[in-house]
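Notes for the structure review
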Amino acid sequence: MSFTGVLALATSPLFHSDSSLSSSSSSSSSSDKVRKSTCLSCSLTQTPSTSSSEQPNNDSNSSQINNNNKFSYSRASPSVRWPHLKLSETYPSPPHTPVVVEDAGFSAQLSDSDSESKEEDNGDVGSAALALDKNDETQLVLGRPSKTKAKKMTKLALKRAKDWRERVRFYTDRILGLKSDEFVADVLDDRKVQMTPTDFCFVVKWVGQKSWQRALEVYEWLNLRHWYAPNARMLATILAVLGKANQEALAVEIYTRAEPEIGNTVQVYNAMMGVYARSGRFKRVQELLNLMRERGCEPDLVSLNTLINARLRSGAMVPNLAIELLNEVRRSGLRPDIITYNTLISGCARESNLEEAVKVYADMEAHNCQPDLWTYNALISVYGRCGQSSKAEQLFKELESKGFFPDAVTYNSLLYAFARELNIEKVGDICEDMVKMGFAKDEMTYNTIIHMYGKQGQHDQAQQVYQDMKMLGRIPDAVTYTVLIDSLGKENKITEAANVMSEMLDSGVKPTLRTYSALMCGYAKAGKQVEAQETFDCMIRSGIRPDHLAYSVMLDIFLRSNETKKAMTLYQEMLHDGFMPDNALYEVMLRVLGTENKLETIEKLIRDMEKVGGMNAQVISSILVKGECYDHAAKMLRLAITSGYELDRESLFSILSSYSSCGRHSEACELLAFLKEHAPTSNQLITEAMVVIQCKAGEFDGALAEYSNSKGFHSFSRSCTMYEILIQGCEKNELFGEASQVYSDMRFYGIEPSEHLYQIMVRIYCKMGFPETAHHLIEQAAMKGILFDNISICVDVIEVYGKLKLWQKAESLVGSLKQRCKTVDRKVWNALIQAYAASGCYERARVIFNTMTRDGPSPTIESVNGLLQALIVDGRLDEIYVLIQELQDMGFKISKSSILLMLEAFARAGNIFEVKKIYHGMKAAGYFPTMNSFRIMIKLLSRKKQVRDVEAMVSEMEEAGFKPDLSIWNCMLKLYAGVEDFKKTVNVYQRIKETELQPDEDTYNTLIILYCRDRRPEEGLSLMHEMRRQGLEPKLNTYKSLISAFGKQQLLDQAEELFEELRSSRCKLDRSFYHTMMKLYRNSGSHAKAEMLLSVMKEDGIEPNFATMHLLMVSYGSSGQPEEAEKVLDNLKVTDSDLGTLPYSSVIDAYLRNGDYNTGIQKLNEMKRDGPEPDHRIWTCFIRAASLSQQTSEAFVLLNALRDAGFDLPIRLLKEKSESLIPDVDQCLEQLAPLDDNAAFNFVNALGDLLWAYELRATASWVFQLAVKKGIYNHDVFRYLVAGESLTRTGVLILGSCQLVLLLLVLLYGLIRCRQLSSSSVVSDASLEGYPESPKSVVLITGTSEYNMVSLNSTLKACLWEIGSPFLPCKTRSGLLVAKAHSLRMWLKDSPFCLDLELKDAPALPESNSMQLIDGCFLRRGLVPAFKEINEKLGLVRPKKFARLALLSDEKRERVIQADIEGRKEKLEKMRKRGNVDPRRVNMIKKLRKRTYRRPAMLANTKQIVSKRRALD
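Presented here is an overview of the structure given in this document. (Residues numbered from 1 in each chain as written. Predicted model: local features only at pLDDT ≥ 70, side-chain atom pairs only at ≥ 80, totals over all residues. Heavy atoms only, no water.)

1. A few points about helix 50 (residues 896-908)
Counted only if it meets this: Per the convention used, a helix needs a DSSP run of H or I reaching at least four residues, while a strand needs a run of E reaching at least two, with both numbered from the N terminus. Each helix should span, by expectation, one fewer than its residue count multiplied by 1.5 Å. Should any heavy atoms of two residues lie within 4.5 Å, those residues are considered in contact.
The first and last C-alpha atoms of helix 50 sit 18 Å apart over 13 residues, in line with the 18 Å expected at 1.5 Å per residue. For helix 50, the elements touching its buried residues are helix 48 (861-873), helix 49 (880-889), helix 51 (912-924) and helix 52 (931-943). Immediately downstream of helix 50, the backbone of G910 shows phi near 80°, a positive value.

In structure tokens:
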């Protein structure tokens, strides 16, 4: 229960709203006589209005609350109310005390001549008719106008009437002038004036206006003296006085004592009903009304008006109550008058019930009852209370057109309407208009303004108005002080509120019930329980009985303090006094009792609610749910359903939620089953509940299925609870699409989202990458008045905008936030800076940074990092240091995160120097490297192949206590694989397994590709199977590498199996896979399969392109089928009219390779006729064919044809002097260098082969050196050959004669160095260029690749074996030739082959080609027979032995070879006899001896390849 807004004055100090109705006059009669409203009209409005939660006041101690309930208003007279109309002559103002608007239960008609009396006695007992004697009174129906008497009054009667007024005033003044220790009897016993019974009635009435005690004393004195027996008029008068003073108990006692003697008089019953009506005792009023009817006394309209007044004061209005009350009057045979309607509208005003007030006014117009000023004042009041100040102002402006002039009450009512809206400017304007019209601001006006300032928290202004009020002579009343105390208490200024209470007591104003309640509420809000209880006790001691509000406040205090015993005692007192706690208070009580597990007390409360409060099972169940007594709530819910009540959705969901949170899902299902059986009309709600309970139980799939099955048949309820729970479950399970669908369904059914749901959906749309939709939801919520306190919601949207590079929309969101908020949160600014940074908008980010620096909030590390990120994204790394310096000058300290950001940026840029500088600077600044910094450094160094630095960084990392993670190991794997250090690669893989890390896809893919490079595809395939067992899928590039590796090893079955596996798994293969397979088929000679692959490719939906057809043509050419290649060319001519030289070159090359030179020349001429001019491709084909032709004449035929086609350089190089052609060759290479397809590279290789084949070796040498100069070959080609890097891997692939030229140049350089060292007697080892001093061995890395059927490895080995060099094949790696440095040096010095290594041109061209291509070796033609014989009979032999055998004649070589074979057999036999020979070694030796020297690519048997490789290892 809240302590704010529970006071009667919480809505307004609107005594003026009710009093405005009491002081308004009725409309004029047709005889121009001003008739005042009956007394009942005033009874409805005298008590201040209360909030809707407040119950009627039953206070019976008028001494403490008389100022609150007796409203003295000096403007009751028309002359005062309308001073601008000059009515003082007709309606003179009362000469002394202000008129008191009474609340009696009956009325009397006054004569026109008694205008003064009428103003004073409006609605009360007394009139000119009171001059009648006792017998006349018994026959006169009081409260009805006596028209005959008024007409028969003479001047003497009027004189006597004036005399009785003087007599009454004489006794009234003397009685009121008595001191506290004097008695009324002293005045009355002194019979100085002769008094009639009517005179004494007026004495009681007038004295009662000032002191009800003295009036009661007069009444009792009369009874004690037995001078005048009590009559109906006297009894009605004293009851009215006591009723006004809220002395209900005394009134009941007097009525009970006098009623048997008086008899059945309507006026007495009306007066007593008025007493009860003032305190809202509707049941007692009903009982009296029924008693009247039982005794044959027919109620009149005043009786029914009093009944209506009592009902409106007894509690909140239910719908259509006013119309039902009007119908009740009509059913009694009476016609509602203006008093009836005004009473109902006034009640609606108290309840702020505009709907009912409009209905009453419409009924009033429908029955031709003319409204009066009171009616309009009440309507203005109700519109003002309901927040429709514009409508209230409109009615105010329409008053004059209706024939009424606004009075001070009207102004005050309108003033309240705008004060309620805290419209200070409008309130000021109304006050000015009010003063201009002659109405000074009164207590009511000041109270309204004070209350307005109090609600705004402007207590200084409220205090100033209070001081102005006192300075202007307006005496603060209880309302004033109560308003001040209430507003201060609500603002938690309880000390100031207590001071106001003290000032109130000092000024002599007695606190009312509302005053005490306001102070108690303030103490309760401030948490001062003791002071609140003391205030309550003080109120009791002062004789004021607590009302519903006071009881509720204290009960709530005790409950929140866990003083259950005191709370229950007070609860019993509350019930005894006829008050019931409201539902909210019952909820608090139940919650506290449930916490203390006081089940019996809870059961008692349930019985009280049912029996005393008359609540039904459904309402009780709802209260129990809110009080967290779910088991009792479930029982009452079952009872409510079986009793025929509708199923309450919120109660059901709360009970189910409680069951779910406690894991009692079975009980929840049982409850739903019971409800489904007994509440068939609520199946929709039960289904919804089932969805909710399944969500709570964690069965989200079932809940989603239940929702999907149900939504197709009907919509769910109009509450968003189920949708919110479903969407929360979708968010938790990352089912964002389903969440969006559920939200769409919810909006389709017209259900409004809650604030929490808006936030959830914004987050979901951000995660889905739809920031525009999330932004729209934020704006939609703002239009509905929902402003998110959680700023992170907007930050999420801005961040997603930034990631999507939509910084303009992020700007718009921040702009709307700036309009709604005074200051923008730092997180929002940082998010906007990051959004700018993501798009590289440094200048915009800097503007925001400067704004934060200037206006606040101050920038943070995130702000600085955003600026750095903006420069990084924009690629302005050179400005980073400038920004860092600026930030340091501004006083910002560069954080570790900023340094890491810079480190990562330079690492991505590959700037090792800057990265190392930042890294060492970070350590120097005291920032220890993190795991991320180590990871960045290792990735960069690995990418740059800085092996030693990487190893050092890993060691430093381990020393720092960090263990390398899988990403670091993967970087090292790629590093070692890149430098082809297979041993370290395997070691890294072993380390991964030892650290119990689970290899990922990168690990396996890297290792598999590494095995493929090392020509070990079987091990790569085994690793792939292991990878799949781990649930990982290899990349397509990994498959491609395996297929290529198997193809190079001529393991076509495995390659085809992998390819078919990819096709069957429906992987999306690109053309490169088919091209790879086509190359494999071409290299293996399976040209038919290459042709079939073309149709397979089309079946798989991939159209062959030009590259595919070219591969097919090359395949046909390699297989010796140039005619088929020509058919492909013809097809291309049909489909593509714009063909280049590439397809023609493939066909021409096929014919030339096949030795059909004439057809090749013919196709050249056809090409020229078709349009394409011969280019480098055609030149290279003819030059290569000439280099491989056996006869010089054949070469001339080919080169002459090339000359005729427009290119004569090759024929000129053969026939003319080479030195003169250097410029031409240089120019030609200059033209070919920028062309694609390695044009210059292929041309130089073919030209070199031609020159070397026809013994123009010097020319070949300078052509080679010219190619190196032009960059066709790498400048470090010498170092690459001898220092440890593969020529093919570095892009320096040299073939044919060029590799021989290079080898001879290297050997020549080494020979010269050896001779220089020998002549200078230098003992140190010679070293080759680019290698460290004193190497232990020299390595030639030849690789294993082939190009145009020429193998670098085979060609160099044949050349080195011919000259008997000390180079031997490496035992552990293929493609490597190794020689000990000392052996190489000695060989270069002493070998006869090294005596003349100078490259010279032959004086004349030979008749035949001096070179021959055999099994990939580019050999001297004369060496071919010996090469074949040695390799076929002895296999692989050492170079020196090969050189000796090659120099022998054929006969001698045959005998030596045979003797060698026999010697080996004898040696093997001896070793067997000794038993010290490993059988495996014997078998290996046999296989080696039987093996012929062939390229591995030509072997067809897969098992033979594997066994031989293992034997070599």
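Picking up after the structure, the text goes on.
2. Let's talk about unusual backbone geometry
The residue after G856, namely P857, is reached through a cis peptide bond having omega -10°. Inspection of the secondary structure assignment puts P857 in the loop between helix 47 (842-855) and helix 48. At N320, a position not held by glycine, the phi torsion is positive, near 65°. Within the secondary structure layout, N320 lies in the loop between helix 16 (301-314) and helix 17 (321-331).

3. Thoughts on the pattern of salt bridges
The cut-off we apply is this: The term salt bridge refers to a pairing of a side-chain nitrogen on Lys or Arg with a carboxyl oxygen on Asp or Glu at a separation within 4 Å. Accessibility here uses a 1.4 Å probe with only protein chains present; expressed as a share of the type maximum, an area under 20% marks a residue as buried, one over 50% as exposed, and anything in between as partly exposed.
Enumeration over the complete set of coordinates arrives at 58 salt bridges. A salt bridge links R560 to D556, with the shortest nitrogen-to-oxygen separation between them at 2.8 Å. With R560 and D556 both in helix 30 (residues 548-560) and 4 residues apart, this pair spans about one turn of that helix. What makes D556 buried here is its relative accessible area of 0%.

4. Section: the environment of T642
Definition in use: Counted as a polar contact is a pair of N or O atoms within 3.5 Å, where, for protein atoms, one must be capable of donating a hydrogen and the other of accepting one, and residues adjacent in sequence contribute only when both atoms are in side chains.
With respect to the helices, strands and loops of the structure, T642 is situated in helix 35 (residues 630-642). A residue is classified by how much of its surface remains accessible, and T642, at 48% relative accessible area, is partly exposed. Put simply, T642 and A617 are 25 residues apart on the chain and 10.0 Å apart in space, counted from C-alpha to C-alpha. Among the polar contacts listed, one links the side chain of T642 to the backbone oxygen of L639, at a separation of 2.8 Å.

5. A word on the environment of E393
Relative to the elements of secondary structure, E393 occurs in helix 21 (residues 389-398). E393 sits 20 residues away from S413 along the chain, and the two C-alpha atoms are 9.9 Å apart. If near-sequence neighbours (up to four positions away) are discounted, E393 is found in contact with L414, F418 and K426. At 2.7 Å, the side chain of E393 forms a polar contact with the side chain of K426.

6. A closer look at the sheet that holds strand 4 (residues 1368-1369)
As a reminder, the rule being used: Note on pairing: two strands pair once DSSP finds at least 2 bridges between them.
An order of 1-5-4 is seen for the 3 strands of this open sheet, with the pairing classed as antiparallel. For this open sheet the edge positions go to strand 1 (1337-1341) and strand 4, each flanked by a neighbour on one side alone. Sheet topology places strand 1 next to strand 5 (residues 1376-1380); 5 bridges connect them, and they run antiparallel. Each residue of the ladder has a partner; that of V1339, found in strand 5, is V1378.

7. Topic: the packing of helix 20 (residues 373-385) against helix 22 (residues 408-420)
Applicable threshold: The angle between two axes is taken between their N-to-C directions and runs from 0 to 180 degrees, where each axis is a line fitted to C-alpha atoms and a helix contributes only its stretch in contact. Oblique is the label for every angle not falling under 35 degrees (roughly parallel), over 145 degrees (roughly antiparallel), or within 65 to 115 degrees (roughly perpendicular). When residues are sorted by character, Ala, Val, Leu, Ile, Met, Phe, Trp, Tyr, Cys and Pro go into the nonpolar class, Asp, Glu, Lys and Arg into the charged class, and all the rest, Gly among them, into the polar class.
In the contact formed by helix 20 and helix 22, the axes pass within 8 Å of each other and the chain directions differ by 10°. In terms of orientation, helix 20 lies roughly parallel with respect to helix 22. Contacts between helix 20 and helix 22 involve L373, N377, I380, G384 and R385 from the former and V409, T410, S413, L414, Y416, A417 and R420 from the latter. Partitioning the contact of helix 20 with helix 22 into residue classes produces 6 nonpolar, 4 polar and 2 charged.

8. What about the packing of helix 46 (residues 826-838) against helix 48?
With their axes 7 Å apart at the nearest point, helix 46 and helix 48 run at an angle of 10° to one another. In this view, helix 46 runs roughly parallel relative to helix 48, as classed from their interaxial angle. Between helix 46 and helix 48, the contacting residues are N830, I833, Q834, A837 and A838 on the first element and E862, S863, N865, G866, L867, Q869, A870 and V873 on the second. Class assignment of the residues belonging to the contact of helix 46 with helix 48 gives a composition of 6 nonpolar, 6 polar and 1 charged.

9. Observations regarding the packing of aromatic side chains
Short version of the rule: When the centres of two rings from Phe, Tyr and Trp lie within 6.5 Å, Trp using its six-membered ring, the rings pair. Their planes under 30 degrees apart give stacked, over 60 give edge-to-face, and anything left gives tilted. Either the NZ atom of lysine or the CZ atom of arginine qualifies as a charge over a ring when it sits within 6 Å of the ring centre and within 35 degrees of the ring normal.
By the definition in use, this model includes 19 aromatic pairs. Arranged with centres 3.9 Å apart and planes meeting at 5°, the rings of W1179 and F1207 form a pair that is stacked. Of this pair, W1179 sits in helix 66 (residues 1176-1188) while F1207 is found in the loop between helix 67 (1192-1204) and helix 68 (1209-1215), placing the two residues 28 residues apart along the sequence. An aromatic cluster is defined as three or more aromatic residues linked by ring pairs; in this entry it consists of F396, Y411 and F439. Positioned over the ring face of F418 is K426, at 5.5 Å from the centre of the ring. Directly above the ring of F674 sits R638, whose terminal nitrogen or CZ lies 4.9 Å from the centroid.

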